[in-house]
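# Per-entry structural report
Listed below, chain by chain, are the residues.
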Amino acid sequence: MMSDSALKTSNSLGAKRRGKLGGTIALVGALILGSAAAIPAQAQGTKIGFVNTERILRESGPAKAAQSKIEAEFKKRDDELQRLNNNLRSQAEKFDKDAPVLSESDRVKRQRELSNLDTDLQRKRREFQEDFNRRRNEEFSGIVTKANEAIKRIAEQESYDLIIQDAVTVNPRIDITDKVIQSLGK
């Protein structure tokens with residue numbers, strides 16, 4: 001037998017459960033009604049497009065021109081790095097040949113020189129790479145801006161509801177990357 005207080009507690013818990021259940025049912029009903037209202041919008045057909053940004057930055061005319069321009073700007077520094085690398089390699093080979101006959105002090109001195117040359121080369125390579133990347137990002141940010149403008153223009157002209165950039169998987173039927181590349185070429 002249940003006491004009166006246990007019975008009251010049991011009844012109030014049941015009322016709370018029924019209240020939560022009623023709220024859940026109401027929420028489910030609202031979701032069903034909301035999705036039923038959205039069905040006509042989907043029935044009209046949502047037009048979706050996809051753009052592969054990587055392809056634009058690799059294949060478009062402005063991207064190719066920017067890449068050539070950057071490579072020309074950095075050619076002299078790249079050649080200098082190659083010259084320093086070759087010089088270090090030839091000095092290291094010469095040291096390997098001469099090491100058995102060198103005195104201890106000469107060997108230590110030449111090892112230190114080689115180490116300094118290597119450190120200097122690594123520093124110059126790192127600076128080169130940082131400058132190259134910064135310059136490339138500067139050039140390509142302008143191309144991305146132009147590409148985004150072209151995408152917006154195409155979306156307006158062809159009545160796209162949504163254009164996605166860089167998805168995991170895409171049906172080629174909705175890929176408009178070629179249109180954007182052509183638009184950038186104009």
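Residues numbered from 1 in each chain as written. Predicted model: local features only at pLDDT ≥ 70, side-chain atom pairs only at ≥ 80, totals over all residues. Heavy atoms only, no water.

In the annotation of an unreviewed UniProt entry, the protein is listed under the name Chaperone protein Skp and assigned to Achromobacter veterisilvae. Word for word, the UniProt comment on the protein under Sequence similarities (unreviewed entry) is "Belongs to the skp family." (UniProt positions renumbered as here; feature names shortened; annotations may be inferred.)

### Section: the overall build of the protein
Looking only at helices and strands, the protein has five helices and two strands in total. Secondary structure elements of the protein, listed N to C terminal, follow the sequence α-β-α-α-α-β-α. Per-residue burial over the protein gives 22% buried out of 186 residues. Within the protein, counting contacts between residues at least 6 apart in sequence, those at least 24 apart form 80% of the total. Of the roughly 13600 Å² that the protein leaves accessible, carbon and sulfur atoms contribute 54%. (Helix = DSSP H or I, 4+ residues; strand = E, 2+ residues; numbered from the N terminus. Buried < 20%, exposed > 50% of the residue type's maximum accessible area, 1.4 Å probe, protein only. Contact = heavy atoms within 4.5 Å. Areas by Shrake-Rupley, 256 points an atom, 1.4 Å probe, with all protein chains shown as cover.)

### Notes on the side chain of S183
Structurally, S183 can be placed in helix α5 (residues 177-185). Setting aside anything within four residues of it in sequence, one finds S183 in contact with A150, R153 and I154.

### Some words on the pattern of salt bridges
Considering all chains together, one arrives at 19 salt bridges under this definition. Across the pair E138 and R135 runs a salt bridge, and its minimum N-O distance is 3.6 Å. Placement of both E138 and R135 in helix α4 (residues 104-157) is noted, with a separation of three residues, approximately one turn of the helix. Of the residues examined, E138 reaches a relative accessible area of 46% and is grouped as partly exposed. (Salt bridge = Lys/Arg side-chain N within 4 Å of Asp/Glu carboxyl O.)

### Some words on α5
Buried residues of α5: T177, V180, I181, S183 and L184, and no others. The buried residues of α5 all sit within an arc of 160° when viewed along its axis, so they share a single face. Residues of α5 that are exposed and angled more than 90 degrees away from the buried face: Q182 and G185. Residues of α5 that are buried sit in contact with β1 (48-51), α2 (53-59), α3 (61-98) and α4. (Arc of directions from axis to C-beta.)

### Topic: the nonpolar core
Core analysis: the largest hydrophobic core is formed by 13 residues, its most contacted members being V51, I56, Y160, I163, I176 and V180. The set of elements that each furnish at least two residues to this core consists of α4 and α5. In terms of residues, this core owes the most to one element, α4, which gives five residues. Setting aside anything within four residues of it in sequence, one finds I163 in contact with G49, V51, I151, A155 and I176. F74, F95, L114 and L121 belong to the second-largest nonpolar core, a separate cluster that totals 12 residues. (Core = buried A, V, L, I, M, F, W, Y, C linked by side-chain atoms within 4.5 Å.)

### Thoughts on the environment of P172
Mapped onto the elements, P172 comes out in the loop between β2 (162-165) and α5. Note on P172: relative accessible area 67%, which makes it exposed. On a C-alpha basis, the gap between P172 and F50 in space is 8.6 Å, while along the polypeptide they are 122 residues apart.

### Quick word on unusual backbone geometry
Phi is positive for S159, close to 55°, though the residue is something other than glycine. Tracing the chain through its elements places S159 in the loop between α4 and β2. What makes S159 exposed here is its relative accessible area of 51%.

### A few points about the packing of aromatic side chains
The full count for this structure, using the stated rule, is three aromatic pairs. Seen in terms of ring centroids, F74 and F128 are 5.6 Å apart; in terms of plane orientation they differ by 85°. Their pairing is edge-to-face. Linking F74 in helix α3 with F128 in helix α4, this pair joins segments that are 54 residues apart in sequence. A residue is classified by how much of its surface remains accessible, and F74, at 8% relative accessible area, is buried. The class for F128 is buried, based on a relative accessible area of 11%. Positioned over the ring face of Y160 is K47, at 4.6 Å from the centre of the ring. (Phe/Tyr/Trp six-rings, centres within 6.5 Å; stacked < 30°, edge-to-face > 60°. Lys NZ or Arg CZ within 6 Å of the ring centre and 35° of its normal.)

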